[in-house]
Amino acid sequence: MKIVVIGGTGLVGSKLVKKLLEHGHEAVAASPQTGVNSITGEGLADALKGASVVVDVTNSPSWEDAAVLKFFETSTRNLLANEAAAGVGHHVALSVVGTERLLESGFFRAKLAQENLIKASSIPYSIVRATQFFEFVKPIADYATEGNKVRLPPALFQPMAAEDVASAVARIATSAPVNGTVEIGGPEPFRLDELARRDLAARQDPREVICDPHAGYYGIQVSESTLLPDHNAQLGKAHFEDWLNQSTKQAPKAAQQPA
Ligand SMILES: NC(=O)c1ccc[n+]([C@@H]2O[C@H](COP(=O)([O-])OP(=O)(O)OC[C@H]3O[C@@H](n4cnc5c(N)ncnc54)[C@H](OP(=O)(O)O)[C@@H]3O)[C@@H](O)[C@H]2O)c1
């Protein structure tokens, strides 16, 4: 089966392409780096020739309100129009658990706009909503940093490894379209402030994480359950502690690579 992964050079996309190839599919990594641009349309028609499935795991280079909305609207419209012309039978897109509860943020308004365009199109689809990636815990802390202090709310969340996100997306992309939304998450819930504290400590990062119920998640006010997936969510296998041990072991090696 030919499966085109738009954003196939990114964190999830590159893992997804590798898994699909390992399963014997013709997986194509499509992104500006490989000459395919879902905003300008460059290379899109050629890349989609003969494709059965298109998976969209792009992300916007800018998260500024107007820019991110323009990115996901333009990119999704271009993809769906080219898929209709190429006779693609399944559009899969990666979105975020809790999107409709996070609309205070321009990023999530853009993700909801992306989902709505997919639902309104004629292409059979599967929307995969994932929880935060383990790899995203540090960027969450970075965003919440002022000086040496990181203020985060004690909200519950159920993060997952990008590797498990890629496995779930591969499974869904190679199955029949659900014409609906599938939620995926990690095997266990944590509190946001607690996990950021563990992540930074394991990296010997000296910042102090302060539990602040009034602090936002990316500036968004969240309740205890805003970020949690629903009870039917498909859960990944990797545990945060194992992933953290692995990734902090690899970090010193990476630092020794020539720039
Ligand atoms: N981070 C999280 O915790 C989280 C949680 C749930 C869902 N998600 C969703 O997961 C998706 C993927 O995230 P990620 O972290 O894997 O992204 P990423 O590593 O930032 O990769 C983004 C990809 O998008 C590509 N791209 C950018 N502009 C493009 C364009 N004009 N045309 C085609 N491709 C373009 C990039 O290509 P180049 O390499 O060529 O620039 C890259 O391959 C996002 O939609 C995000 O909302 C993220």
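What this report covers is the structure whose coordinates are included nearby. Everything quoted here is computed from the prediction, not taken from an experiment. (Residues numbered from 1 in each chain as written. Predicted model: local features only at pLDDT ≥ 70, side-chain atom pairs only at ≥ 80, totals over all residues. Heavy atoms only, no water.)

1. A word on the site of the ligand
As a reminder, the rule being used: We define proximity as follows: a residue is near a molecule or strand when any one of its heavy atoms falls within 4 Å of that partner. Two N or O atoms form a polar contact when they lie within 3.5 Å of each other; inside protein one atom must be a possible hydrogen donor and the other a possible acceptor, and for residues adjacent in sequence the pair counts only when both atoms belong to side chains. For accessible areas, the Shrake-Rupley method is used with a probe of radius 1.4 Å. Any residue's cover is judged against the shown protein chains and nothing else. For helices the rule is a DSSP run of H or I covering at least 4 residues; for strands it is a run of E covering at least 2, with both sets numbered from the N terminus onward. Charged residues are taken to be Asp, Glu, Lys and Arg, nonpolar residues to be Ala, Val, Leu, Ile, Met, Phe, Trp, Tyr, Cys and Pro, and polar residues to be all remaining types, Gly included.
Around the ligand, the structure places 28 residues, and the nearest of them are T9, L11, Q33, T58 and K111. Q33 is positioned with one of its side-chain polar atoms (N or O) 2.8 Å from an oxygen atom of the ligand. Between the ligand and K111 there is a distance of 2.8 Å, counted from an oxygen atom to a side-chain nitrogen or oxygen. Protein chains shield 83% of the accessible area of the ligand, which is 940 Å² for the free molecule. With three residues, the single largest contributor to the shell around the ligand is strand β4 (residues 90-96). Looking at side-chain class alone, the shell around the ligand contains 15 nonpolar, twelve polar and one charged residues.

2. Re the packing of aromatic side chains
The geometry of two aromatic rings is summed up by the distance between their centres and the angle between their planes. Formally: Only Phe, Tyr and Trp rings are paired, with Trp represented by its six-membered ring, and only when their centres lie within 6.5 Å; those with planes under 30 degrees apart are stacked, over 60 edge-to-face, the remainder tilted.
Following the criterion strictly, the structure yields 13 aromatic pairs and no others. Their ring planes at 90° and their centres at 5.2 Å tell us that F71 and F72 sit as a pair that is edge-to-face.

3. Re the sheet that holds strand β11 (residues 208-211)
The condition that has to hold: One bridge is not enough; two strands pair if DSSP finds at least two bridges between them. Whether two residues touch is decided by their heavy atoms; if any such pair falls within 4.5 Å, the residues are in contact. The angle between two axes is taken between their N-to-C directions and runs from 0 to 180 degrees, where each axis is a line fitted to C-alpha atoms and a helix contributes only its stretch in contact.
Reading across the sheet, the three strands line up as β6-β7-β11 and stay open at both edges, with mixed pairing between neighbours. Both edges of this open sheet fall to β6 (145-146) and β11, since each of them pairs with a single strand only. Of the pairings in the sheet, the one linking strand β7 (residues 149-152) to β11 comprises four bridges and is parallel in character. Bridging from a neighbouring strand, L152 pairs with C211 of β11. Across the sheet, helix α7 (residues 192-202) lies against β7 and β11, angled at about 170° from β11, the strand it touches most.

4. Let's talk about the environment of F157
Just so we agree on the cut-off: Per-residue accessibility, obtained with a 1.4 Å probe over protein chains only, is compared with the maximum for each type, and a residue is labelled buried under 20%, exposed over 50%, and partly exposed between these values.
Among the structural elements, F157 can be located in strand β8 (residues 156-157). Judged by relative accessible area, which is 0%, F157 ranks as buried. Once the C-alpha coordinates of F157 and G186 are considered, the two residues, 29 residues apart in sequence, prove to be 8.9 Å apart. With residues up to four places along the chain from it excluded, the contact list for F157 reads Q132, V137, E188, P189, F190, R191, L192, L195, L227 and L228.

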